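These are the residues of each chain, in order.
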Amino acid sequence: MGKIAGIDLGTTFSALSILNESGKAEIVKNFDGDYLTESVVAFPSEEEGKAITGKDAKDHLEIEPDRVIKEVKRDMGTDKTYTVAGKEHTPFGISSMILKKLVQDSEKQHGKIEDVVVTIPANFSNEARQDTEKAIKEAGLNFKYIIEEPTAAALHYASSNSLAGKVMIYDFGGGTFDITIAEINGKDVICKTSHGDQRLGGTDIDRIILDKMKDAYKKDKGVDLVNNKAEEYNFTFLAEEIKKGLTKKEKISKMISGKEGDMKFTLTREEFEKNISTMMSKIDSLIDVTLDELNLKESDISNILLVGGSTRIPIVKKNILKRFNKEPLTGVNVDEAVSLGAALYAGKKADPKKLTAAQSEELKKIDLKTVCNFYFGSVILRENTEKQKLEPYNETMLAKNTPLPCSQTKTFYTMTDGQTAVECEIKQSLAEQGDPDFATTIWKGLLDNLPPNRPQGRPIEVTFSYDENGMMHCKYKDVESNIEMPVDLSIDKDKESDAPTANDFTIE
Amino acid sequence: MEGILLLILIFFGGWIIRAVFGGAKAAVKTVAGQGSLSENLQNEIVGMGEFQFRAIKQTKQIDNQSKDMLFMQFKGLFPAGLTNRNLSFLFTIYDNTNPQEGSWVICHVPGFNEVTSPTFQYIAEDIPKLQSGYGWKSWVNIGMAPLEFLKFPKKGNRKLEFQCAISLQGSEVTTQHGYVNRGKENIIAVYNYKMDFVNQNSGYLEISEERIKVEKSIIYLCFYIAAADGEIDPKEGKIIKNWVEEQRDEAPQNRKEETKKRLNENILNAVKQAKSKDLSISQVIKDINDNATKAEKYEALELALAVMSADGVADQKELDELDIISKKIGIDPKEYKNLRDKNITKVDVVAEKEETNTGTIEDRKKKLASLIGFNTSSSKDEIKKYLTKEFAKWNAMINLKDQKKKDRAEEMLKLIAEARKLFIDQ
Ligand SMILES: Nc1ncnc2c1ncn2[C@@H]1O[C@H](COP(=O)(O)OP(=O)(O)O)[C@@H](O)[C@H]1O
């Protein structure tokens, strides 16, 4: 029987867990013997046409940085491409290679993987979600579902601890910061809300330290420390080392050597904390927003769970303690929680016939309830009584945090006599945004060929629904003629990328 | 049902709605139908008189607001030709004051105009069948026009003629600019009514004295803002120039020259006064309050905000000025905030980065407060609440496709986090 797996497709590291015979999630080592695999792909010049993934790819940064692609997760859902030796790569193409490496490494040890669930940050845009689906398909995997990282972590914690009440999941990784509030009620895990920042993570901290090193060197030696990409990467590694060192020590000194010789660079924890203070305020602001949205106070939070490597930074715990008057929960491996939870979710979503009796029994102990992660709206024309004019308005159809599945129908009216077409535009946003300019358009089209010669004021029914798997369905319908237009918001199956697929680069 | 909400649509006639009274039709219909039809229905035909038509100005409460309406009414014994049939009443209004100038009465409200032109028209089809031997004892409202949205050729005394053409439902009569162009033979009866009327507002053929004053105020306001940071940037000037050109282009052919001259004079004086710091903004504000309509106030403010953002930086002084001005001309704070944010997304950089800031902490705090839009003297709690709201809003924009908006949103988030650090944590 095929295995059921959960994959944490991270910005800097990825991990894969499988559901073992007794229904517990278990993290799998890669071929290098590590639980975490670097989310890096390299195309070495000595083996033109081949791709390497993981640790070797990261090591290749020191040799040919121009041929290494990393942190693609931040570019998912955008049009960004990376060119290596004349070949263009897309963020989802690179992601698919990482997925393939994880799966292949696991399959060689534990057998064929049948179903996978892949995790995404809670605030991933619709395009980024679609890109993730594309990556899964391009990797040739049997796509099951995607699940949000904090949700996966909550699931894992709920299965491994006896937690209750409102739990805050603080996920601070390599590239992103996410904050989620879930309610754990016996076996039920209900995700209440999530907020996050896709550009706030450990690598940004490394960059801050790197900038400090550059400034210090320039001040001392009068020349630039970093002159090419390879040096940039080398010193970024060093910056990361210093950062990690400051977790245990109050002060770290390192020799940095540039064109004008060596220099001793020292960073104290106190200085470091000052340098990242605005970043920490940003995290606090996100917590403000999250609590405010649910109308909660700090004291309403019963537990704080830490996820992600960057939560090892001492100031993180210190700030939490100060603000919530509680020690955050540790003890579980923060780097692994997400993929473990994803594997459990994959089990919950798998065909029950494929599960062993022990697995079914074990999985009964948890149950996940999710909410709508965005506001979804439809653009209408509405009179702005204050400005005395008609204005486009983003009318909310589904509100953020509505328990899934959910559905809503609203009736609007045509505006002129003889109107035979209605312009339909679907918007998505993280906050309620009446102004369409401030919300993302995820679909646009025409409900046309409506009967001619009708007076204005014909009812048009608009229905938005969101299913439990995070998929949106919309329908626009002219009530009188029954003419309707369903909207398919899943990925465009015909649209193939021009970029090479993972299959062009076989991994050995 | 949440009033009349309208979907974005494809326009047919090619004309574009400017000022509209969106919810009017639905709201007005209920007023008209408030029992008056049946309550007045009488079979006591003695002394009821013949079937008559008139128009009358009346004030109605609609959505808790007093609205002046012109009601088209009938009373009297139902004529034999009209009874026991499904009728359609088509109402038109002509302005006969000076037929050479044109007689159209225009109304840009959906439901109150022709399919192919903005000429006023109202069709009543939901009238119950008139029974023979019955009549209306008192005046009954059948047609109506929202007065505040009617546009006559000129201001002052107008000679209006109301017409009601009655035909059978399904045998359509269509009109073009108020005149029947198809289905004349289907008309069963026509009723006319003449009325002398004083139009308080400027007509569509003329530019009002108020508008001339408002245009001047807008020019002065914008140059005042452009000069608030010391220099008038060519890009700021360009925004004003574009707007002025639009005004000239909108003027009728025979008045283009005079319009251009007038606007240019305003520009020259405004620049001179703005540069020498003699421009009295309180006078400009007073003129706006005396002469501008709500829509014109928004026109002024939107242009001034565009001027603020034109040079690519969100200037603290310019924003501070605009915050005050928007309050003084009575702009709704929520609408203002939205317009302000929109313009902030248009600049190239909101403020220098925290790392490269060289000023004092106090100056930085003032600057952050101006850019984010709060008062430094507010309490810590209030500031925190405000920052939370702002953070949620800008954070929702980081998924936008428009790279510029996205970058500004990221920048605003950093500034808000910095403000939180400086105002709340320390
Ligand atoms: N001791 C530590 N102190 C500070 N940062 C750490 C420490 N250990 C790991 N990190 C940081 O954690 C990040 C990786 O976190 P992880 O959750 O694995 O990332 P991802 O977001 O890719 O899943 C890296 O930026 C790394 O530098």
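Calculation criteria
Residues numbered from 1 in each chain as written. Chains lettered and ligands numbered in written order. Predicted model: local features only at pLDDT ≥ 70, side-chain atom pairs only at ≥ 80, totals over all residues. Heavy atoms only, no water. Near = heavy atom within 4 Å. Polar contact = N/O pair within 3.5 Å; in protein donor to acceptor, adjacent residues only side chain to side chain. Areas by Shrake-Rupley, 256 points an atom, 1.4 Å probe, with all protein chains shown as cover. Helix = DSSP H or I, 4+ residues; strand = E, 2+ residues; numbered from the N terminus. Domains from an automatic or database assignment. pLDDT = per-residue confidence, 0-100. Contact = heavy atoms within 4.5 Å. Core = buried A, V, L, I, M, F, W, Y, C linked by side-chain atoms within 4.5 Å. Buried < 20%, exposed > 50% of the residue type's maximum accessible area, 1.4 Å probe, protein only. Pairing = 2+ DSSP bridges. Axes fitted to C-alpha atoms, helices over the stretch in contact; angles between N-to-C directions. Buried area = accessible area lost by both parts, 1.4 Å probe. Salt bridge = Lys/Arg side-chain N within 4 Å of Asp/Glu carboxyl O.

1. Details of the site of the ligand
All names here are of chain A.
Here's step 1: Inspection of the region around the ligand gives 19 residues, with Thr12, Gly174, Glu240, Lys243 and Thr247 positioned closest.
Here's step 2: In this structure, Thr12 approaches the ligand through a side-chain N or O atom, which is 2.6 Å from an oxygen atom.
Here's step 3: The fraction of the free accessible surface of the ligand (580 Å²) that becomes covered by protein chains is 91%.
Here's step 4: Contributions of two or more residues to the shell around the ligand are made by α5 (202–221) and α6 (229–248).

2. Remarks on the domain arrangement of chain A
Here's step 1: The domains assigned to chain A are domain 1 (3–200 + 283–370), domain 2 (202–275) and domain 3 (375–492).
Here's step 2: Of note, the centres of domain 2 of chain A and domain 3 of chain A, computed from C-alpha atoms alone, are 52 Å apart.

3. Some details on the confidence of the model for chain B
All names here are of chain B.
Here's step 1: For chain B, mean pLDDT is 83; residues scoring 70 or higher make up 88% of the total.
Here's step 2: Here helix α1 (residues 24–32) stands out as the least confident element of chain B, with mean pLDDT 27; helix α11 (residues 380–395) is the most confident, with 95.
Here's step 3: The low-confidence segment residues 1–36, where pLDDT is below 50, has 94 contacts with residues more than four positions distant or belonging to other chains.
Here's step 4: This complex was scored by the predictor with a pTM of 0.76 and an ipTM of 0.84.

4. Let's talk about the nonpolar core
Here's step 1: Formed by 110 residues in total, the largest nonpolar core has its most connected members in Tyr170 and Met213 of chain A together with Ile372 of chain B.
Here's step 2: At eleven residues, helix α3 (residues 209–227) of chain B tops the list of elements feeding residues into this core.
Here's step 3: Both domains that meet at this core, namely domain 1 (3–200 + 283–370) and domain 2 (202–275) of chain A, each give it at least three residues.
Here's step 4: Filtering out sequence-adjacent residues up to four positions away, Ile372 of chain B remains in contact with Lys337, Arg340, Tyr386, Leu387, Glu390, Met412, Leu415, Ile416 and Ala419 of chain B.
Here's step 5: Ranked by size, the runner-up nonpolar core spans 40 residues in total, among them Phe51, Val105, Cys107 and Trp136 of chain B.

5. Overview of the sheet that holds strand β7 (residues 122–124) of chain B
The strands that make up a sheet pair up through hydrogen bonds in the backbone, lying either parallel or antiparallel.
Residue and element names in this part refer to chain B.
Here's step 1: Strand order across the open sheet formed by four strands is β7-β5-β10-β13, with antiparallel pairing between neighbours. The open sheet terminates on both sides in strands that have one partner only, identified here as β7 and β13 (187–199). Between one strand axis and the next, the sheet turns through 20 degrees on average, direction left out of account.
Here's step 2: Strand direction decides the pairing type here: strand β5 (residues 87–95) and β7, joined by three bridges, are antiparallel. Across the sheet, residue Leu90 finds its bridge partner in β7, namely Ile123.

6. What to know about the interface of chain A and chain B
Here's step 1: Contacts between the two partners involve 59 residues from chain A, matched on the other side by 58 residues from chain B.
Here's step 2: When the buried area of chain A at its contact with chain B is split by residue, Glu386, Tyr413 and Phe438 of chain A rank highest and sum to 14% of it.
Here's step 3: The shortest N-O distance in the salt bridge between Lys342 of chain B and Asp437 of chain A comes to 3.2 Å.
Here's step 4: Between the two partners, chain A and chain B, sit 13 residue pairs in polar contact (both at pLDDT 80 or more).
Here's step 5: Breaking the side of chain A that touches chain B down by element, the ones donating at least two residues are β14 (188–197), α8 (277–293), β19 (375–384), β20 (389–398), β21 (406–413), β22 (422–429) and β23 (440–447) of chain A.
Here's step 6: Top element by residues in the side of chain A that touches chain B is α8 of chain A. It accounts for ten residues.

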